[in-house]
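# Per-entry structural report
The residues making up each chain are set out below.
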Amino acid sequence: MSAGLSPELLASEVTEVVRTGSYDGSRGFTVAHFHTADELAQEAGEAGLTGVRVHGIEGPGWAYVVAAGRCAGQEAAGALLADAVATARLADEHGVFTDASAHVLVVGTA
């Protein structure tokens, strides 16, 4: 099985998305902007929130969640989900890993 990330695709489209955060929707996913944690915190502050914190939902262990989904109903799924939670908690303590999460949560006070 392949994710379809050829050297050509990595050198062009993926590099551009990583550099700019913007995706044009050309490969079946919606048009989107992938915020960094810093960008999202800044936008939340500009919107009037105080005490802003940005948390990575999965952290860099998001692949554990994907693998657990593929093992649904099997004993391995529980261990993979536990690993995902442990990785997310560890990463949350070190903000530099927030950007490695597939999803983020912004918390602040209005």
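Below is a summary of the structure that appears in this document. (Residues numbered from 1 in each chain as written. Predicted model: local features only at pLDDT ≥ 70, side-chain atom pairs only at ≥ 80, totals over all residues. Heavy atoms only, no water.)

## A few points about the overall build of the protein chain
Along the backbone of the protein chain there are four helices and four strands. Counting from the amino terminus, helix and strand elements in the protein chain follow one another as α-β-β-α-β-α-α-β. Every one of the 110 residues in the protein chain was classed for burial, and the buried ones make up 19%. In the protein chain, the share of contacts with a sequence separation of at least 24, taken over all contacts with a separation of at least 6, comes to 59%. When the accessible surface of the protein chain is summed, it comes to about 7700 Å², and 60% of that surface belongs to carbon and sulfur atoms. Of the charged side chains in the protein chain, 5 are positive and 14 negative; the average position of the first set lies 4 Å away from that of the second. (Helix = DSSP H or I, 4+ residues; strand = E, 2+ residues; numbered from the N terminus. Buried < 20%, exposed > 50% of the residue type's maximum accessible area, 1.4 Å probe, protein only. Contact = heavy atoms within 4.5 Å. Areas by Shrake-Rupley, 256 points an atom, 1.4 Å probe, with all protein chains shown as cover. Lys, Arg positive; Asp, Glu negative; His and termini not counted. Charge placed at Lys NZ, Arg CZ, Asp CG, Glu CD.)

## Some words on helix H2 (residues 37-46)
Two residues of an α-helix separated by three or four positions point the same way, owing to the 3.6 residues in each turn. All buried positions along H2 are accounted for by Ala37, Leu40 and Ala44. Down the axis of H2, the sector holding all buried residues measures 65°, keeping them to one side. More than 90 degrees from the buried face of H2, the exposed residues found are Asp38, Gln42 and Glu46. Among the structural elements, strand E3 (50-56) and strand E4 (104-109) are those in contact with the buried residues of H2. Taken from the residues just after H2, Gly48 is the one with a positive phi, measuring 105°. (Arc of directions from axis to C-beta.)

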